[in-house]
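What follows is the residue order along each chain.
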Amino acid sequence: MSDAHGPVSRPLSSHLRIYEPLEAFGPKERERIEAGLLGRGGREDLDAAETDATLDRIVSGAGDPFPPDGAEFTRALTVNGTTLYCPSQLVLRSGLAAESVISSAPRILAELMLPEEARERHQRRVDRIAAETASPRINTRESLWGIPFSWFVLFQESDPTEVVEDGEHVRTVRIVAPWAKAIGRARFAVANLALAAPDMSMLDELTSLTEWLEQFHPDSVIELDYGRVADRVFPDESCLDVRLGIECLAEGDLTGAAAAYRRLASRWIPIRQLARAS
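If you're wondering where the values come from, they're calculated on a predicted model, not measured in any experiment. (Residues numbered from 1 in each chain as written. Predicted model: local features only at pLDDT ≥ 70, side-chain atom pairs only at ≥ 80, totals over all residues. Heavy atoms only, no water.)

1. Quick look at the packing of aromatic side chains
And then number 1: The tally for this structure, following the rule as stated, stands at 4 aromatic pairs.
And then number 2: Look at Phe152 and Trp268: their rings are 5.8 Å apart centre to centre, the planes differ by 45°, and that puts the pair in the tilted class. You can see Phe152 sitting in helix α6 (residues 149-152) and its partner Trp268 sitting in helix α11 (residues 254-273), a full 116 residues away along the chain. Trp268 matches Phe152 in its accessibility class, with the two residues each being buried.
And then number 3: Through a chain of ring-to-ring contacts, the aromatic side chains of Phe152, Tyr226 and Trp268 assemble into a single cluster. (Phe/Tyr/Trp six-rings, centres within 6.5 Å; stacked < 30°, edge-to-face > 60°. Helix = DSSP H or I, 4+ residues; strand = E, 2+ residues; numbered from the N terminus. Buried < 20%, exposed > 50% of the residue type's maximum accessible area, 1.4 Å probe, protein only.)

So, in structure tokens, the structure goes:
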């Protein structure tokens, strides 16, 4: 069984990325950023190359699923004449993913997926890059099988939106917002939810998201990249529904908040159920 872009068994992944000016990075980071730009082509070529490299490591018989040195990619975005950069940070992100697997998966399965020798070799890469980094932070967040509702808080319908089409299908949708607007929206939502719905899980998600945003340069730009899930939900009004839901809660309009949630749920729950589909 397959969709327009490959087997359904491949997870639908979406990304939240922070693009920063070059001065936000240290000397070694700048070297990796420049190396990651060379010969990568456009955004679609880069996305495909990154996906192919990941799949090659997974199916490789070498027993090492980790990215090697030099396996970094850089995305660039020009806003108002200024070029901003989002390094893929595959080595650091793979290290964090490995920690999650080790702590959550059964030991036998974790050791099978991540052999100890490969983990130790990769940890040396992580330690070296962390030591070379001016301010350790991860510029990319990834979500499988749907987009967290908290991410939509950072964007509004009026933000610049790019729809990338492939024939009759939508390959992806990308929304961008300046850092100052995105973090202002997040703080506004946190303040209102803390008063109106302190037990709501989105409050914890938004608090964590706000703390993450605070690590970055104030001239940064935030990008929500739907990925292949866009073909299943676009045109999408999730940013509007999340904003209306939070405003309704702040005003004590529980009926309006429930209606906004029902619209979100009807759109995204079927996507999340695909993770359990055979």
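Now that the structure has been shown, we can carry on.
2. Observations regarding the pairing of strand β3 (residues 13-19)
And then number 1: Most of β3 sits inside the fold, with 6 of its 7 residues counted as buried.
And then number 2: Judged from the 5 bridges that link them, β3 and strand β6 (residues 140-144) form a sheet pairing that is antiparallel. The partner of His15 across the bridge, within β6, is Glu142.
And then number 3: Here 5 bridges tie β3 to strand β9 (residues 221-225), and the two strands are oriented antiparallel to one another. The residue of β9 that forms the bridge with His15 is Asp225. (Pairing = 2+ DSSP bridges.)

3. What about the environment of Arg43?
And then number 1: By the secondary structure assignment, Arg43 is in helix α2 (residues 43-59).
And then number 2: The exposure class assigned to Arg43 is buried, which follows from its relative accessible area of 15%.
And then number 3: A C-alpha to C-alpha distance of 9.7 Å links Arg43 and Thr74, two positions 31 residues apart in sequence.
And then number 4: Beyond its immediate chain neighbours, meaning those up to four positions away, Arg43 contacts Arg17, Tyr19, Arg75, Arg174, Glu223 and Asp225.
And then number 5: Among the polar contacts listed, one links the side chain of Arg43 to the side chain of Tyr19, at a separation of 2.9 Å.
And then number 6: A distance of 3.3 Å separates polar atoms of two side chains, one belonging to Arg43 and the other to Asp225. (Contact = heavy atoms within 4.5 Å. Polar contact = N/O pair within 3.5 Å; in protein donor to acceptor, adjacent residues only side chain to side chain.)

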